[in-house]
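Commentary on secondary and tertiary structure
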Amino acid sequence: QVQLVESGGGAAQAGESLRLSCTTSGRAIDWLSMGWFRQAPGKEREFVAGIDYSGSSTVYVDSVKGRFTISREYGKNTVFLQMNKLKPEDSAVYYCNAIDRVTHLAAPTFDSWGQGTQVTVSS
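Let me sum up the structure you'll find in this document.

For the structure on display, the rule yields four salt bridges. One salt bridge in this structure joins Arg38 and Glu46, with 3.0 Å as the shortest N-O distance. The partner of Arg67 in a salt bridge is Asp90, and the shortest N-O contact between them spans 2.8 Å. Residue Arg67 is found in the loop between strand 6 (58-60) and strand 7 (68-73), and its partner Asp90 is found in the loop between strand 8 (78-83) and strand 9 (92-98); the two are separated by 23 residues along the sequence. Taking relative accessible area as the criterion, Arg67 reaches 9% and is therefore assigned buried. Three or more residues joined by partner-sharing salt bridges are found here, namely Arg38, Glu46, Arg67 and Asp90.

Shown next, in the form of structure tokens:
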């Protein structure tokens, strides 16, 4: 059972930036495609961004494209989500997971989710 750990969330004002991190224990994720998802209260979990195992291919939901950047550093077993120009509608709990494909149809492949990290953006 893989353990996903998200961190870096917090409170921010509109226009500010946050950098989220995702790592795992129990197994390496350096060779897996990874993605970020988010879920706001009363809403379904939404795919936000994905990155392939090489780091050369990325995909973003339209609402964050140009503002968010997903990246990874091999050897650190970590995936990042740089969130710039934050908007109140970005407020959600952010989760990471391995994904089956780096497209807008990306689906999580690990059965267990982490606790997520809360992002709250105020206007």
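Counting across every chain of the model gives four aromatic pairs. Residues Trp31 and Tyr74 carry aromatic rings whose centres are separated by 5.3 Å and whose planes lie at 20 degrees to one another, so their mutual orientation is stacked. Here the residue Trp31 occupies a position in the loop between strand 3 (18-25) and strand 4 (34-39), and Tyr74 occupies one in the loop between strand 7 and strand 8, the gap between them amounting to 43 residues. Given the relative accessible area of 65%, Trp31 is considered exposed. You can call Tyr74 partly exposed: its relative accessible area is 32%. Seen in terms of ring centroids, Phe37 and Trp113 are 5.2 Å apart; in terms of plane orientation they differ by 90 degrees. Their pairing is edge-to-face. Here the residue Phe37 occupies a position in strand 4, and Trp113 occupies one in the loop between strand 9 and strand 10 (117-122), the gap between them amounting to 76 residues. On the accessibility criterion, Trp113 (26% relative accessible area) is partly exposed. Every member of this aromatic cluster is reached through a ring pair, and the members are Phe37, Phe47, Tyr95 and Trp113.

Ranked by internal contacts, the top residues of the largest apolar core, which has 29 residues, are Trp36, Leu81 and Tyr94. Of all elements in the fold, only strand 3, strand 4, strand 5 (46-51), strand 7, strand 8, strand 9 and strand 10 reach the threshold of two or more residues within this core. If one sorts the elements of this core by residue count, strand 9 sits on top with four residues. Ranked by size, the runner-up nonpolar core spans six residues in total, among them Phe37, Phe47, Val59 and Val102.

Moving on, we get to the sheet that holds strand 7. Read across the open sheet, the four strands follow the order 1-3-8-7; overall the sheet is antiparallel. Unpaired on one side and paired on the other, strand 1 (3-7) and strand 7 mark the two borders of the sheet. On average, each strand axis in the sheet is inclined to that of its neighbour by 20 degrees, with strand direction left out of account. Strand direction decides the pairing type here: strand 1 and strand 3, joined by five bridges, are antiparallel. Pairing of Gln3 across the sheet is with Ser25, part of strand 3.

What counts as what
Residues numbered from 1 in each chain as written. Predicted model: local features only at pLDDT ≥ 70, side-chain atom pairs only at ≥ 80, totals over all residues. Heavy atoms only, no water. Salt bridge = Lys/Arg side-chain N within 4 Å of Asp/Glu carboxyl O. Helix = DSSP H or I, 4+ residues; strand = E, 2+ residues; numbered from the N terminus. Buried < 20%, exposed > 50% of the residue type's maximum accessible area, 1.4 Å probe, protein only. Phe/Tyr/Trp six-rings, centres within 6.5 Å; stacked < 30°, edge-to-face > 60°. Core = buried A, V, L, I, M, F, W, Y, C linked by side-chain atoms within 4.5 Å. Pairing = 2+ DSSP bridges. Axes fitted to C-alpha atoms, helices over the stretch in contact; angles between N-to-C directions.

So far we have only geometry, and geometry alone does not tell us how the molecule works.
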